[in-house]
Each structure stands twice: as structure tokens, then as C-alpha cells.
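Coordinate analysis (summary)
The residues making up each chain are set out below.
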Amino acid sequence: MTTGYTDDHATAGTKAELPALETWPSQYADDYEVTITIPEFTSICPKTSLPDFATIVVTYVPDGRCVELKSFKEYLLAYRNLGIFNENVVNRVLADLVAAVRPRRIRVCGVFTPRGGIQTTVEARWPNAPRP
């Protein structure tokens, strides 16, 4: 069966240059949780060039650094014109936040609005949960 999807579609956006994520030092050594909700996230489907809309929720426990929200907003806005699959969005955001913040743990969840009657929810965690 031919779908018309290529390896270029599959990897689109995963290596794109995006604005840097800035951080600042946390003032607390104890565990506390930060939740950031982005209700108006947009990106572009690399196959159809149609827009994708999502609510992205990031929840993390800092380990010395927190993400600076203005830089995070600029980083997320760069996805607006980026061709990238939903799964890659969530995993890319996770990887970039882990590299910048080095949290104790982090979860990124993207709830993408329905297209063609199908809603997609993608979740990624670090460190990865053990598989059964």
C-alpha cells in the first residue's frame, strides 16, 4: 500500500533550528512541580501543509533550573510555520526542555484537535517510564 509518506515527511522539523530556551536558577531545593499550559499551539503537517492545533501541557520538577517563559513562548511560536508531525512536536519539545533545564522529571502532553474526525494525544516523559 502506498501512502505517499516519505522519510523526509517522517523526519521533517526534528532538526530545525529553533530559538534558544533560556533558564534561570531555581531558589528551592525541595521537589516542587511546575505546569505550563499552552492552549493555542500551532504547527504545520509536513504532508498536507494544513495547520495542526493543540493544547500542549508541560509538567516538570526542576533540579536547579527553570525555563524562562518568554523564551519558551518564542520557541513555541517558531513551530507555527514548521512542518512537523504531532508525535515529533511532543518528543522534540521534551528533548529540548530536558537539554535546557535538566529537570528531575518532565512530562509533555499534546492534545491535537480533531482533523477528519480523529483527535491525537501524544505524551512523552523523561526519564522514560519502564516498559512492562
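What this report covers is the structure whose coordinates are included nearby. Keep in mind that this is a model prediction, so the values were computed, not measured.

Helix and strand counts for the chain stand at 3 helices and 6 strands. When the helices and strands of the chain are placed in sequence order, the string is α-β-β-β-β-α-α-β-β. Over its C-alpha atoms the chain spans a radius of gyration of 15 Å, differing by no more than 12% from the 14 Å that the globule rule assigns to 132 residues. Based on the C-alpha atoms only, the size of the chain along its principal axes is roughly 55 × 35 × 25 Å. A burial count over the chain gives 38% of its 132 residues as buried. Taking the intrachain contacts of the chain between residues at least 6 apart in sequence as the baseline, contacts between residues at least 24 apart amount to 69%. When the accessible surface of the chain is totalled, it reaches about 8,100 Å², and 52% of it is carbon and sulfur. Once the 14 positive and 15 negative side-chain charges of the chain are each reduced to a mean point, those two points are 2 Å apart.

A separate point is the packing of aromatic side chains. Pairs of aromatic rings are described using the distance from one ring centre to the other and the angle between the two planes. Under the counting rule described, the total for this entry stands at 4 aromatic pairs. Between Tyr28 and Tyr32 the ring centres are 6.0 Å apart and the planes differ by 85 degrees, which places this aromatic pair in the edge-to-face class. The class of Tyr32 is partly exposed, set by a relative accessible area of 27%. Consider the rings of Phe41 and Tyr79, whose centres lie 5.5 Å apart with planes at 55 degrees: the pair is tilted. Placement of the pair is Phe41 in strand β2 (residues 34–44) and Tyr79 in the loop between α2 (69–77) and α3 (86–101), with a sequence separation of 38 residues. Look at Phe41 and you get buried, because its relative accessible area is 2%.

Rules and cut-offs
Residues numbered from 1 in each chain as written. Predicted model: local features only at pLDDT ≥ 70, side-chain atom pairs only at ≥ 80, totals over all residues. Heavy atoms only, no water. Helix = DSSP H or I, 4+ residues; strand = E, 2+ residues; numbered from the N terminus. Rg over C-alpha atoms; globule rule 2.2 N^0.38 Å. Buried < 20%, exposed > 50% of the residue type's maximum accessible area, 1.4 Å probe, protein only. Contact = heavy atoms within 4.5 Å. Areas by Shrake-Rupley, 256 points an atom, 1.4 Å probe, with all protein chains shown as cover. Lys, Arg positive; Asp, Glu negative; His and termini not counted. Charge placed at Lys NZ, Arg CZ, Asp CG, Glu CD. Phe/Tyr/Trp six-rings, centres within 6.5 Å; stacked < 30°, edge-to-face > 60°.

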